[in-house]
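# Structure assessment
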2 protein chains.
Amino acid sequence: MTLEEIIGVFAGIFTTIAVLPQIIKAVKTKKVEDVSPVMFGILCLGVGLWTVYGIFKMDWPIIITNGISFIFNGIMLGIVLNSQSKN
Amino acid sequence: MTLEEIIGVFAGIFTTIAVLPQIIKAVKTKKVEDVSPVMFGILCLGVGLWTVYGIFKMDWPIIITNGISFIFNGIMLGIVLNSQSKN
């Protein structure tokens, strides 16, 4: 692996897993009042489009990292919307 | 522009601007208690590395979108850390 490939792999891992601490915090505290659902809606749209882009190009790293991001951000969006519908 | 290029441009725009509604919400409400600073720390690290990756490849779309993301996520991280240091 070249240095730029290693940097790309770590960049992909970090941007993909970034939302996990937010999901864990939300589940633990059961509080998401200050979290913007619009942010996670736009993120889902964005990484969803990146996944489609990856499918067009048959580029597996783009498909996998953005596909996983779509699921993670979708879970967080669901948590926020579910909490709002209860209040 | 091809269809995949158009999808790529919108994907880039959405993932880059996604954090703005969260910044606006935080500034308006002055409340960020439920927001995970770890999420924005990891995001800064990830998009920062994507920017370095783009510089290695001299790929301007990667440099510009992730460079802007780095600034936006850095602002949000600053807001959260600043709020925590006051409490």
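If you're wondering where the values come from, they're calculated on a predicted model, not measured in any experiment.

Along the backbone of chain A there are 4 helices and 0 strands. Of the regular secondary structure in chain A, the N- to C-terminal order runs α-α-α-α. The C-alpha extent of chain A, read off along each of the three principal axes, is 50 × 25 × 15 Å. Out of the 87 residues belonging to chain A, those deemed buried represent 40%. In chain A, 68% of the contacts between residues at least 6 apart in sequence involve partners at least 24 apart. By element, 73% of the accessible surface of chain A is carried by carbon and sulfur atoms, the whole surface being about 4800 Å². Computed over 6 positive and 5 negative side-chain charges, the inter-centroid distance for chain A is 17 Å.

A few words now on the relation of the copies chain B and chain A. Least-squares fitting of chain B to chain A yields an RMSD of 0.0 Å, with the transformation described by 0.0 Å of translation along the axis and a rotation of 180 degrees. Here the two chains are linked by the operation of a two-fold rotation axis.

Residues and elements named next belong to chain A. In the numbering used here, UniProt assigns the "transmembrane region" (unreviewed entry) feature to residues 6–24, 36–56 and 62–81. Between the end C-alpha atoms of residues 6–24 there is a gap of 28 Å, over a span that is 95% helix and 0% strand. Helix makes up 100% of residues 62–81 and strand 0%, and the two end C-alpha atoms of the span are 27 Å apart.

Between chain B and chain A, the contact holds 36 residues from the first and 36 residues from the second. Summing both sides of the interface, chain B and chain A together bury roughly 3300 Å²; the carbon and sulfur share of this comes to 72%. Considering only the side of chain B, the residues that lose the most area to chain A are Glu4(B), Asp34(B) and Met39(B), jointly responsible for 20% of the buried surface there. Counting across the chain B and chain A interface gives 2 salt bridges. Across the pair Glu33(A) and Lys31(B) runs a salt bridge whose closest N-O atoms are separated by 3.5 Å. Linking chain B with chain A are 13 residue pairs in polar contact (both at pLDDT 80 or more), by the criterion used here. Taken together, the elements giving at least two residues each to the side of chain B that touches chain A come down to helix H1 (3–17), helix H2 (19–29) and helix H3 (37–57) of chain B. A per-element tally of the side of chain B that touches chain A places H3(B) first, with 15 residues. Class assignment of the residues belonging to the side of chain B that touches chain A gives a composition of 24 nonpolar, 6 polar and 6 charged.

Right, let's talk about the packing of helix H3 (residues 37–57) of chain A against H1(B) for a bit. Across the interface, H3(A) lies against H1(B) with an axial gap of 8 Å and an inter-helix angle of 150 degrees. One element, H3(A), and the other, H1(B), form an angle in the roughly antiparallel class. The interaxial crossing formed by H3(A) with H1(B) has left-handed handedness. Where H3(A) approaches H1(B), its residues Ile42(A), Leu43(A), Leu45(A), Gly46(A), Val47(A), Leu49(A), Trp50(A), Val52(A), Tyr53(A), Phe56(A) and Lys57(A) are matched on the opposing element by Leu3(B), Glu4(B), Ile7(B), Gly8(B), Phe10(B), Ala11(B), Gly12(B), Phe14(B), Thr15(B) and Ile17(B). Its residues assigned to classes, the contact of H3(A) with H1(B) comprises 15 nonpolar, 4 polar and 2 charged.

Moving on to the packing of aromatic side chains. Residue and element names in this part refer to chain A. Within this structure, the stated rule accounts for 4 aromatic pairs over all chains. Between Trp50 and Tyr53, the ring centres sit 5.3 Å apart and the planes meet at 80 degrees, which makes this aromatic pair edge-to-face. With a gap of 3 residues between them, Trp50 and Tyr53 both fall in helix H3, about one helical turn apart.

Take a nonpolar patch on the surface next. Residue and element names in this part refer to chain A. On the surface, Met1, Ile6, Val9, Phe10, Ile13 and Ile17 cluster together to form a nonpolar patch covering roughly 540 Å² of accessible area. On the secondary structure map, Ile13 appears in helix H1 (residues 3–17). Owing to a relative accessible area of 41%, Ile13 belongs among the partly exposed residues under this scheme.

About the thresholds
Residues numbered from 1 in each chain as written. Chains lettered and ligands numbered in written order. Predicted model: local features only at pLDDT ≥ 70, side-chain atom pairs only at ≥ 80, totals over all residues. Heavy atoms only, no water. Helix = DSSP H or I, 4+ residues; strand = E, 2+ residues; numbered from the N terminus. Buried < 20%, exposed > 50% of the residue type's maximum accessible area, 1.4 Å probe, protein only. Contact = heavy atoms within 4.5 Å. Areas by Shrake-Rupley, 256 points an atom, 1.4 Å probe, with all protein chains shown as cover. Lys, Arg positive; Asp, Glu negative; His and termini not counted. Charge placed at Lys NZ, Arg CZ, Asp CG, Glu CD. Least-squares fit on C-alpha atoms with pLDDT ≥ 70 in both. UniProt positions renumbered as here; feature names shortened; annotations may be inferred. Buried area = accessible area lost by both parts, 1.4 Å probe. Salt bridge = Lys/Arg side-chain N within 4 Å of Asp/Glu carboxyl O. Polar contact = N/O pair within 3.5 Å; in protein donor to acceptor, adjacent residues only side chain to side chain. Nonpolar A, V, L, I, M, F, W, Y, C, P; charged D, E, K, R; others polar. Axes fitted to C-alpha atoms, helices over the stretch in contact; angles between N-to-C directions. Parallel < 35°, antiparallel > 145°, perpendicular 65-115°, else oblique. Left-handed = near helix turned anticlockwise from the far one by under 90°. Phe/Tyr/Trp six-rings, centres within 6.5 Å; stacked < 30°, edge-to-face > 60°. Patch = residues over 30% accessible without salt bridge, like charges linked within 9 Å, V, L, I, M, F, W, Y side chains within 5 Å.

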